[in-house]
Amino acid sequence: MMHRKPTLSTVPDFLHSFAKRFAAHGYRCLLVGGSIRDAVLGFDVQDFDIATDAHPTDVQGLFRKTIPTGLQHGTVTVLYAGHQIEVTTFRAEAGYSDGRHPDAVEFGVSLEDDLARRDFTINAMALDLHTGAFIDPFNGLEDLQKRLLRTVGSPSERFREDGLRLLRAVRFSARLDFRIDEETRQAMQTARDALRGVSAERVRDELLKSLSARSAAQVVSILDETGLIGHVFYEDDSAQTIRYAASERTRHLDLIPPDLPLVRLAALIALCSEGRGVSEAARIADRLKLSNHDRGVLTTLLETGPVSDSQLQTNRDIRLLLSRCGPGMVQEISCFSAAIRADASGGLSERMERRLREVLAERPPLTVRELAVDGRALMHELNLSPGPVVGVILKELLAFVIDDPNRNSYEQLVDKARTIV
Ligand code: ATP
Ligand code: MG
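Owing to the predicted nature of the structure, the values given are computational and were not obtained by experimental measurement.

Enquirer: Would you mind going over the side chain of E332 with me for this structure?
Expert: Mapped onto the secondary structure, E332 falls in helix 16 (residues 330-340). The buried charged residue E332 lacks any salt bridge partner; its closest oppositely charged side chain belongs to R357, at an N-O distance of 6.9 Å.

In C-alpha cells:
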C-alpha cells in the first residue's frame, strides 16, 4: 500500500480550531510523533501529539483546562473539545549520563532540533497545522512506505542515550510488522546493556504493550535475536537460571489473543521454565513489579497449569477448576492451555468453554465467602475460639459444597462442621 503525504484535509475539525488559538498568539502548532505516523498508516488516531514553540507556561495560559503532565520536559496536556491533547514545547536534550533521563532539557530550539531528538524516523515527521507544510527531515515517510524501522541518527548513540528506545524498537516493529533496519538491529545487540538503566516499571509497560501486538512470537524472536531477552526477564542478566528463548513452541503464543498480553507472558514462562513455572511466575512478578492483580493472574495460570476437556468430566470437576482459578478466568485458562499444549488434546473445546459458562450461570458457591455459614456462626455453633482451625473447617465446607451445591444451607453446613471438628 502506498502511504501518502499527510495534508490538512485529513486533520479533524477540532484540531483546526485548536491550532488557531496558537496562531492568534503568534505561536506555531504542528502535529508530530505517533499521531502523524498512525494517520499516514490509516489507523484511527485517538492520541494527538502537538509540538509548539510556545513555552509550557504560555500553553497553560492559552487554554482553560490543562494538566501539567511533564512540565519539566515541556509537556502540557490540554483538555479540548472532549480530547486530551499532549502539547510539547520544541526542545533539545543533552547528556544522558544515566541512560534514561537527559541531564538538561533546553527550550527555545528549532522544530528541526526537536525532530532530531526523537527516536525513529517514522516518529520524527511533522505537519504544520497553519501552513499545511509537511516536515520530514529524516525521510520518515519513505521508511513508512518501505515498512522500515530506523533510528534518527546513529543507532548505538541513540540507544545508549536512552535504553528504553531498545524496547520501543521491539514494540513498534512488532506492532506495525516493520523490518528493523540492519544498522539499527545491530546496534540493538551491541547496546543492549543500556536496558540496565531502565526502570522495571518501564520495562514491564513496554513488554506488555509489545505482547499486545498481533504476534507475540515475533516479539520473543526479536528479543531473543538481539539478546535483549535476558535483560527483560532478569534485572541482572548474568544471573539467568532459566533461559528465555524463541523456539518452535513459542510460536504457539499466538494462539492467545493479542488483548491478553499477560496470558501470553504466563504461557511464555510455562514454556521456558520446564516445570518450575510457579516459582518463576513469582520471580517475574517481582522483577517486573507487576500489580497485585496481574501477579494474581500470572500465578493462578501457572498454578492451575494447562487444562483439557478430558480433565473436566463432571460438573464437579468444572466447579473445582472455577473455584481454584476464579470465575473470570475461563477464556484465559482456555487459551493458556491451548498455547501450552498445541495439539488436539490441548486447551478447551468451544463446547467445553460453553459448558463452563453454563455451570457458572447456575451461580454455584465457589469461594468460602459464598458459604451459607461464616466463621463467626461456626465459632458460635461449635463453641470454638478464634484460630486457624476455623479457616480449615471453612475450606472443608467449601469442598463439601463444590461436590454438591445443594448442600449450601446453614443446617447442613453446621451438621457437616460437627463431623470435622
Ligand atoms: P504510541 O503512543 O502509539 O505508543 P508514540 O510514537 O505516540 O506511540 P509516545 O510515547 O506517545 O509514542 O511519544 C510521542 C513521540 O515522542 C514519539 O512519536 C517520539 O517522537 C517521541 N518519543 C517518545 N519517547 C521517546 C524516546 N524515549 N526517545 C525519543 N523520542 C521519544
Ligand atoms: Mg503517543
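On we go.
Enquirer: Please explain the packing of aromatic side chains as it appears in this structure.
Expert: Each aromatic ring pair is characterised by the separation of its centres together with the angle its planes make. Overall, the coordinates contain 8 aromatic pairs when judged by the stated rule. Between F18 and Y80 the ring centres are 5.2 Å apart and the planes differ by 65 degrees, which places this aromatic pair in the edge-to-face class. One end of the pair, F18, is in helix 1 (residues 13-24); the other, Y80, is in strand 4 (residues 75-80), and 62 residues separate them in sequence. A connected cluster of aromatic rings, assembled from ring pairs, spans F18, F22, F63 and Y80. For R171, the ring lying beneath its charged end belongs to F172, and the centroid distance is 4.9 Å. Over the ring of Y234 we find R283; its NZ or CZ atom is 3.9 Å from the centre of that ring.

Enquirer: Would you explain the site of ligand 1 in this entry?
Expert: Near ligand 1 there are 14 residues, and of these R37, N123, D162, R165 and R171 occur at the shortest range. Contact between ligand 1 and D49: an oxygen atom at 3.4 Å from a side-chain N or O atom of the residue. At 2.9 Å from a nitrogen atom of ligand 1 is found a side-chain nitrogen or oxygen belonging to D162. Looking at the shell around ligand 1, the elements that each hand over two or more residues are helix 2 (33-40) and helix 7 (164-176). Sort the elements by how many residues they give to the shell around ligand 1 and helix 7 lands first, with 5 residues. Mapped onto the domain boundaries, the shell around ligand 1 takes at least three residues apiece from domain 1 (8-146) and domain 2 (148-304).

Enquirer: Honestly, helix 2 in this entry has me stumped. Any pointers?
Expert: Think of an α-helix as 3.6 residues a turn; residues three or four steps apart then line up on the same face. Burial analysis of helix 2 places 7 of its 8 residues in the buried class, which makes it a mostly covered element. Buried within helix 2 we find G33, G34, S35, I36, R37, D38 and V40. Of the surrounding secondary structure, the elements contacted by the buried residues of helix 2 are strand 1 (30-32), strand 2 (48-52), strand 8 (126-128), helix 5 (140-146) and helix 7. Where helix 2 ends, the next residue or the one after it, G42, has phi of about 85 degrees, a positive value.

Enquirer: Is there a simple way to think about the side chain of S273 in this case?
Expert: Turning to its location among the elements, S273 is positioned in helix 12 (residues 261-273). Residue classification places S273 among the buried residues on the basis of a relative accessible area of 1%. Among the polar contacts made by the side chain of S273, one reaches the main-chain amide nitrogen of G277 at a distance of 3.4 Å. Apart from residues no more than four positions distant in its own chain, S273 is found in contact with I242 and E280.

Enquirer: Teacher, can you tell me more about the domain arrangement of the protein here?
Expert: Interface size, as often reported, equals the accessible area lost upon joining of the parts. Segmenting the protein into domains produces domain 1 (8-146), domain 2 (148-304) and domain 3 (368-420). Each partner contributes to the interface: domain 1 provides 25 residues, whereas domain 2 provides 21 residues. For the interface between domain 1 and domain 2, the tally reads 10 residue pairs in polar contact (both at pLDDT 80 or more). For the side of domain 1 that touches domain 2, the elements supplying multiple residues, two or more each, are helix 2, helix 4 (111-116) and helix 5. A class-by-class count of the residues in the side of domain 1 that touches domain 2 yields 10 nonpolar, 5 polar and 10 charged.

Calculation notes
- Sequence order sets the numbering: in each chain, residues are counted from 1 along the sequence as written.
- Chain A is the first chain written and ligand 1 is the first ligand written, with later ones labelled in order.
- Side-chain atom pairs in this predicted model are given and counted only at pLDDT of 80 or more, local residue features only at pLDDT of at least 70, and totals for whole chains, interfaces and linings cover all residues.
- Just so you know, side-chain values use all the structure's heavy atoms and leave hydrogens and water out.
- Numbering of helices and strands runs from the N terminus; a helix is a DSSP stretch of H or I covering at least four residues, while a strand is a stretch of E covering at least two.
- Exposure classes here rest on a 1.4 Å probe applied to the protein chains alone. A residue is buried below 20% of its type maximum, exposed above 50%, and partly exposed in between.
- Charged residues are defined narrowly, with Lys and Arg counted positive, Asp and Glu counted negative, and His plus the chain ends left uncounted.
- We define a salt bridge as a contact between a side-chain nitrogen of Lys or Arg and a carboxyl oxygen of Asp or Glu at a distance within 4 Å.
- Between the rings of Phe, Tyr and Trp (Trp by its six-membered ring), a pair exists once the centres lie within 6.5 Å; its type follows the angle of the planes, with under 30 degrees stacked, over 60 edge-to-face, and the other angles tilted.
- Only when the NZ of Lys or the CZ of Arg is both within 6 Å of the ring centre and within 35 degrees of the ring normal is a charge said to sit over the ring.
- The rule for a residue being near a molecule or strand is that one of its heavy atoms must lie within 4 Å of it.
- Any N or O atom pair separated by 3.5 Å or less is treated as a polar contact, with the protein-specific requirement of one donor-capable and one acceptor-capable atom, and with residues adjacent in sequence counted only for side-chain atom pairs.
- Each domain span listed reflects an automatic or database assignment of domains.
- Two residues qualify as a contact provided that any one of their heavy atoms is within 4.5 Å of a heavy atom in the partner residue.
- Throughout, the ten residues Ala, Val, Leu, Ile, Met, Phe, Trp, Tyr, Cys and Pro are labelled nonpolar, Asp, Glu, Lys and Arg are labelled charged, and all others, Gly among them, are labelled polar.

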